[in-house]
Amino acid sequence: MSAKTRAALVGLLLLAAVAPRVEPALRGYHPSNDAAEHLLIARSLARGEGFTLPIRVRDVDGGPAVHDAYPERAPLYPWLLSAPVRLGIGATGWPDPRLQLLGVGLAALCAPLVASVAAALARARGFGAGGLVVAAAGAGLVVAWAPSLVRASVHLWAEPLGLLLVLGAARLDLALDRGGPGRAALAGLVGGLARFARPEAWVVAPLLLARAVARARREPGRWSEALALGGALLAVNAAGIAATGVVAPQLFLLEVARFEDAMGAGAAPAAPTLGSVLAAVGGNLAGQLEHLLLPKNAWFVLPLALLALVRRGRGADERWLLAWAAAFVLATAGVWSTRDPHRFTIAPLALLAPVALVEAEAWRRRLWPGRRGPLAAAAASLVLVLGHAAGREARGRGPGPAPEVVAREGAPALDDPWSYALVTGRPAVLARPPAR
């Protein structure tokens with residue numbers, strides 16, 4: 001693939017990723033509890049008050065409303081969000097929708113990054129320039145228009161940042177055959193940071209380290225790479241834990257049967273039973289599988305990726321990406337008290353897309369060599385189905401209006417402390433768990 005072709009592909013994928021997002025992002029603030037907490041922490045950081053939340057919604061009895069938020073939220077996204085807040089964008093009151101452009105930009109960068117991963121796989125399969133472009137463009141479009149990522153990117157959510165770091169670590173690791181200790185350390189740095197953006201990305205560190213050690217055992221001259229990668233992972237995690245004071249956020253989710261059980265004034269959750277844990281984990285796995293197989297969510301990606309695993313028994317890179325996707329599914333499904341396949345399948349879909357699209361191009365070349373008709377039909381189907389789904393996701397979720405809120409003395413107990421704190425800047429606590 002020439003430099004001019006590569007630049008054109010990157011530009012087109014960025015445009016395709018940005019197009020369905022800008023208007024809904026600027027239409028107004030899309031409210032959610034996660035978005036509110038991220039912004040409230042960013043405002044605290046911008047004011048020099050540290051990583052604190054002015055609202056308490058989890059295990060609130062006995063604790064103050066204003067409290068350290070590191071046990072509840074991964075730090076990287078609020079830290080990043082505090083940059084525009086320091087410039088005065090959305091620093092007070094109902095959130096400025098321009099803040100949501102941060103997620104738009106992060107998600108847009110994921111599309112060419114996935115395309116680069118697909119191109120690396122296609123190159124290893126011996127594809128020419130045309131095959132590289134087809135596989136890379138297809139994988140990039142899947143991620144650019146994945147409805148779940150479209151939704152996440154127009155909210156103040158951490159998923160786009162987490163995905164960008166996960167994909168960056170994967171791409172750097174795929175390039176280690178042309179690298180050395182320096183590139184290995186960079187892969188460890190990026191992979192280590194991922195879990196400080198999204199908690200489930202803790203799986204990246206052991207996966208990176210296991211592959212580095214496996215390489216070194218096959219080729220003893222590469223132990224320096226494994227040591228550099230392991231050292232970077234250790235340094236990032238040690239620095240992050242020292243800075244936050246917690247091993248991982250949201251560990252309270254492993255102490256309750258439902259996350260709502262730990263929320264609201266006077267919460268006194270009972271420990272989950274073995275039966276409730278197994279049922280919830282099974283439900284999570286079924287929900288994620290169902291979500292990945294929905295037509296609007298690029299249903300063909302998972303079957304094609306599994307076909308690549310079966311057909312190419314020695315495809316180490318394909319097996320590795322499939323292992324990453326499976327690890328993310330298991331990591332989120334294993335947190336039995338939560339269930340959100342719309343968000344939890346973002347990373348697995350993005351990791352499977354390069355494998356699937358390279359496999360699709362391999363089958364096209366085998367079944368219809370030299371014929372453009374099947375390729376054109378497949379491209380049109382991809383554009384129509386995914387583009388329509390992405391557009392519906394962007395258009396169908398309108399932003400909420402700014403609520404009318406009256407400031408109260410002290411830290412009142414409210415059903416919606418999130419909106420209250422955003423509008424008034426005052427502390428509050430959650431009165432009762434959210435409705436099921």
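One can find the structure itself at the top, above this paragraph.
Residues numbered from 1 in each chain as written. Predicted model: local features only at pLDDT ≥ 70, side-chain atom pairs only at ≥ 80, totals over all residues. Heavy atoms only, no water.

Asker: Any chance you could explain the overall build of the protein here in plain terms?
Answerer: Scanning the protein from N- to C-terminus turns up 18 helices and five strands. With 436 residues in all, the protein has 53% of them scored as buried. When the accessible surface of the protein is totalled, it reaches about 18300 Å², and 64% of it is carbon and sulfur. (Helix = DSSP H or I, 4+ residues; strand = E, 2+ residues; numbered from the N terminus. Buried < 20%, exposed > 50% of the residue type's maximum accessible area, 1.4 Å probe, protein only. Areas by Shrake-Rupley, 256 points an atom, 1.4 Å probe, with all protein chains shown as cover.)

Asker: Could you clarify how one ought to interpret the packing of helix H5 (residues 101–124) against helix H16 (residues 346–367) in this entry?
Answerer: In a packed pair of helices, the relevant descriptors are the angle between the two axes and the axis-to-axis distance. Packing of H5 against H16 brings their axes to within 9 Å, and their N-to-C directions diverge by 40°. Viewed along their axes, H5 and H16 adopt a mutual orientation that is oblique. For the crossing formed where H5 meets H16, the hand is right-handed. Contact residues: Val114, Val117, Ala118, Leu121 and Ala122 in H5; Ala350, Pro354, Val355 and Val358 in H16. (Axes fitted to C-alpha atoms, helices over the stretch in contact; angles between N-to-C directions. Parallel < 35°, antiparallel > 145°, perpendicular 65-115°, else oblique. Left-handed = near helix turned anticlockwise from the far one by under 90°. Contact = heavy atoms within 4.5 Å.)

Asker: What exactly am I supposed to notice about a nonpolar patch on the surface here?
Answerer: A cluster of nonpolar side chains, Leu289, Leu293 and Trp299, forms an exposed patch at the surface whose accessible area comes to about 290 Å². Checked against the element boundaries, leucine 293 lands in the loop between helix H12 (274–292) and helix H13 (301–311). (Patch = residues over 30% accessible without salt bridge, like charges linked within 9 Å, V, L, I, M, F, W, Y side chains within 5 Å. Salt bridge = Lys/Arg side-chain N within 4 Å of Asp/Glu carboxyl O.)

Asker: Help me out: how do you make sense of the sheet that holds strand S5 (residues 428–430) in this one?
Answerer: Strand pairing within a sheet occurs via backbone hydrogen bonds; the two strands may be parallel or antiparallel. Strand order in this open sheet of three strands is S2-S5-S4, and the pairing throughout is parallel. At either end of the open sheet lies a strand with only one pairing partner, and these are strand S2 (55–56) and strand S4 (413–414). Sheet topology note: the S2/S5 ladder contains two bridges and is parallel. Note on S5: the bridge partner recorded for arginine 56 is valine 429. Those strands touched by helix H18 (residues 417–424) are S2, S4 and S5, and its axis lies near 165° from that of S5. (Pairing = 2+ DSSP bridges.)

Asker: For this particular structure, what's the right way to read helix H8 (residues 159–174)?
Answerer: An α-helical turn contains 3.6 residues, so a residue and the one three or four places further along point in the same direction. In this model H8 runs 22 Å from its N-terminal to its C-terminal C-alpha over 16 residues, within 8% of the 22 Å that 1.5 Å per residue would give. Extensive coverage of H8 is indicated by the burial of 16 of its 16 residues. (Expected span 1.5 Å × (residues − 1).)

Asker: What is the right way to look at the side chain of threonine 244 in this model?
Answerer: Secondary-structure assignment places threonine 244 in helix H11 (residues 223–244). Relative accessible area serves as the criterion here: at 7%, threonine 244 is assigned to the buried category. Within the structure, threonine 244 has its side chain in polar contact with the backbone oxygen of valine 246 (distance 3.2 Å). (Polar contact = N/O pair within 3.5 Å; in protein donor to acceptor, adjacent residues only side chain to side chain.)

Asker: I keep staring at the environment of proline 84 and nothing clicks. Help me out?
Answerer: With respect to the helices and strands, proline 84 occurs in helix H4 (residues 76–86). As for proline 84 and alanine 46, which are separated by 38 residues in sequence, their C-alpha atoms are 9.1 Å apart. Other than its neighbours up to four places away in sequence, proline 84 contacts Ile89 and Leu99.

Asker: In this structure, what is going on with unusual backbone geometry? I would like to understand it.
Answerer: Trans peptide bonds make up the majority, and among non-glycine residues the majority have a negative phi. Phi is positive for glutamine 250, close to 65°, though the residue is something other than glycine. Summarising the element assignment, glutamine 250 is placed in the loop between H11 and H12. Under the relative-accessibility criterion, glutamine 250 is labelled partly exposed at 23%.

Asker: Hey, could you run me through the packing of aromatic side chains in this one?
Answerer: Centre distance and the angle of the planes are the two values used to describe a pair of aromatic rings. Applying the stated criterion to the full structure yields six aromatic pairs. When the ring of phenylalanine 51 is compared with that of tryptophan 79, the centres are 6.3 Å apart and the planes differ by 85°; the resulting orientation is edge-to-face. Remark: tryptophan 79 occurs in helix H4 and phenylalanine 51 occurs in the loop between helix H3 (33–46) and strand S1 (52–53); sequence separation between them is 28 residues. Feature note: the residues Phe51, Tyr70 and Trp79 constitute an aromatic cluster, connected by ring pairs. Geometry around tryptophan 320 places arginine 211 over its ring, the cationic atom sitting 4.4 Å from the centre. When the ring centre of tryptophan 157 is taken as reference, the NZ or CZ atom of arginine 343 above it lies at 3.7 Å. (Phe/Tyr/Trp six-rings, centres within 6.5 Å; stacked < 30°, edge-to-face > 60°. Lys NZ or Arg CZ within 6 Å of the ring centre and 35° of its normal.)

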